Amino acid sequence: MAWFKREKSGVEEDISDQERHIRTEGLWLKCEKCSQIIWKKALDENFQCCPQCDFHFRIDARARLAMLLDGEYEEFDTNLVSTDPLRFEDQKKYSAKLIASRLASESSDALHSVRGTLDGRRVNVCVMEFRFMGGSMGAVVGEKITRAVERSLEDRTPLIIVAASGGARMQEGAVSLMQLARISAALMRLDEAKIPYISILTDPTTGGVTASFAMLGDLNIGEPGALIAFAGPRVIEQTIRQKLPAGFQCSEFLLEHGLLDAVVKRSEMKAFISRSLKFFCGAATAQ
C-alpha cells in the first residue's frame, strides 16, 4: 500500500521537545517569588497574582483600568506627546527611545488619563504605564495629571492616580523636575476644595514620583510587596555601606512605619476604594 493511502493507526504523533515548546510557549509562567509554574489562564483569572504565594505580577495601564472601572471610559489628552527639548543623547537618542516606547506600549506617553465610573460613582483616573520608559515622569505626564486635577475641580469628581514609575525622566532635565512642584500645587487646590484624591502605589514607585504626587493622597494605598522608595535599596547600600533590613522599602515595611494608610490586594482594590469614597463623599448618586 502506498504511503499516502495508509490510515491512521491511532498512535500519537511523535513530537520533538522543540515542537512541544513552540506549541506550549506562552501558556505557562514561572512565579518570580515562589518559582511555581503557573498556567497563564489561572493567572489571568486571579488578577495577575500567583495562586500559590499571591505575588503580584506587574500589569499594564489598560489592564489596571479594566480592573478598577465598571466598563467603558473616556480617555483624555491622547494627542500630547513628549518632545526633545535638550536634544538628549546617550547610547541612543531620546527621540528614538520615545518612538520605540510608543510602539512597545501602544501609548502616547507614560500615563493614561480617563474618566469613568467605579461602582457607579464617576471618577477621574490617571494610570502610569511602566512599559513606556519605565513609567518615567516628563512634561507630558505632568501636564496630563494637572489637567485631570482641573477636571476634578470643575466637576467635583474624586481623583485616583495609580503610580508605577522609576521617577523623573532624566532626558528632560529640569523640565521633568518642574513637574514635581507643578502637580503638588495642583493637588493643593484639590485639597482646598475638599475633593478626595486617592493614591495607589504599585511596584515600583520610586524617585520624583514618590517625592511628589504618589505620597500626597488623602489615602495612600500600596499593593502587596511593591517597592516604594525615593532612592532604591542598592543605591542606599552603596552610599551608607551598610546592609539594609529585610523587606526594606516594600509596602508592608512602609505601612508598619506609618508611610502608607493601607496595603490592599489587587483583587480587593476596587471594593476598598469604593468603600473609601463612600466614606469621603457619601453614597454614589446616579450619573
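Residues numbered from 1 in each chain as written. Predicted model: local features only at pLDDT ≥ 70, side-chain atom pairs only at ≥ 80, totals over all residues. Heavy atoms only, no water.

Visitor: Please clarify how the pattern of salt bridges should be interpreted in this entry.
Guide: Any two side chains of opposite charge can pair, so long as their charged atoms come close to each other. Overall, the coordinates contain 18 salt bridges when judged by the stated rule. Across the salt bridge formed by Asp109 and Arg169, the nearest N and O atoms sit 3.1 Å from each other. Of this pair, Asp109 sits in the loop between helix H4 (94-105) and strand S4 (111-118) while Arg169 sits in the loop between strand S6 (159-165) and helix H6 (173-192), placing them 60 residues apart in sequence. Taking relative accessible area as the criterion, Arg169 reaches 1% and is therefore assigned buried. Linking Glu172 and Arg169 is a salt bridge whose minimum nitrogen-to-oxygen distance equals 3.7 Å. For Glu172, a relative accessible area of 2% translates into the label buried. Linked through salt bridges whose partners overlap, the residues forming this network are Asp77, Glu143, Arg147, Arg151 and Arg182. (Salt bridge = Lys/Arg side-chain N within 4 Å of Asp/Glu carboxyl O. Helix = DSSP H or I, 4+ residues; strand = E, 2+ residues; numbered from the N terminus. Buried < 20%, exposed > 50% of the residue type's maximum accessible area, 1.4 Å probe, protein only.)

Visitor: Help me out: how do you make sense of the sheet that holds strand S9 (residues 262-263) in this one?
Guide: Remark on secondary structure: sheet strands pair via backbone hydrogen bonds, oriented parallel or antiparallel. In space, the seven strands of this open sheet follow the order S3-S4-S5-S6-S7-S8-S9, with mixed pairing throughout. The open sheet terminates on both sides in strands that have one partner only, identified here as strand S3 (74-76) and S9. Examined bridge by bridge, S3 and S4 share three bridges and lie antiparallel to one another. The residue of S4 that forms the bridge with Phe76 is Ser113. (Pairing = 2+ DSSP bridges.)

Visitor: Explain a nonpolar patch on the surface here, please?
Guide: Taken together, the side chains of Leu27, Trp28, Ile37 and Trp39 present a nonpolar region at the surface, about 430 Å² in accessible area. Mapping Trp28 onto the fold places it in strand S1 (residues 28-30). Residue classification places Trp28 among the partly exposed residues on the basis of a relative accessible area of 46%. (Patch = residues over 30% accessible without salt bridge, like charges linked within 9 Å, V, L, I, M, F, W, Y side chains within 5 Å. Areas by Shrake-Rupley, 256 points an atom, 1.4 Å probe, with all protein chains shown as cover.)

Visitor: Sorry, what's going on with the state of the cysteines here?
Guide: Note: disulfide means a covalent bond formed between the sulfur atoms of two cysteine side chains. One pass over the full model with this rule turns up zero disulfides. Cys281 provides the cysteine sulfur closest to Cys126, a residue in no disulfide bond, and the two sulfurs are 17 Å apart. (Disulfide = S-S within 2.5 Å.)

Visitor: Even after reading the chapter, I still don't get the side chain of Arg151, so can you show me in this structure?
Guide: Considering the arrangement of structural elements, one finds Arg151 in helix H5 (residues 139-155). A relative accessible area of 12% means that Arg151 is categorised as buried. Apart from residues no more than four positions distant in its own chain, Arg151 is found in contact with Phe76, Asp77, Ser113, Arg115, Asn124, Lys144 and Arg156. (Contact = heavy atoms within 4.5 Å.)

Visitor: Hey, could you run me through the packing of H5 against H6 in this one?
Guide: Each packed pair of helices is defined by two parameters, the angle between the axes and the distance between the axes. Relative to each other, H5 and H6 sit at 10°, their axes nearing to 9 Å. Considering their axes alone, H5 and H6 lie roughly parallel with respect to each other. In this structure, H5 uses Ala139, Gly142, Glu143, Ile145, Thr146, Val149, Glu150, Ser152 and Leu153 to contact H6, whose residues at the interface are Val175, Gln179, Arg182, Ile183, Ala186, Leu187, Arg189 and Leu190. Looking at the contact of H5 with H6 residue by residue, the class counts come to nine nonpolar, four polar and four charged. (Axes fitted to C-alpha atoms, helices over the stretch in contact; angles between N-to-C directions. Parallel < 35°, antiparallel > 145°, perpendicular 65-115°, else oblique. Nonpolar A, V, L, I, M, F, W, Y, C, P; charged D, E, K, R; others polar.)

Visitor: Looking at this structure, I do not really get unusual backbone geometry. What am I missing?
Guide: Glycine aside, negative phi is the norm for most residues, and most peptide bonds take the trans geometry. Pro204 follows Asp203 through a cis peptide bond whose omega is -10°. By secondary structure assignment, the location of Pro204 is in strand S7 (residues 197-205). Phi at Arg87 is positive, roughly 50°, even though this residue is not glycine. Counting through the fold element by element, Arg87 comes out in the loop between S3 and H4.

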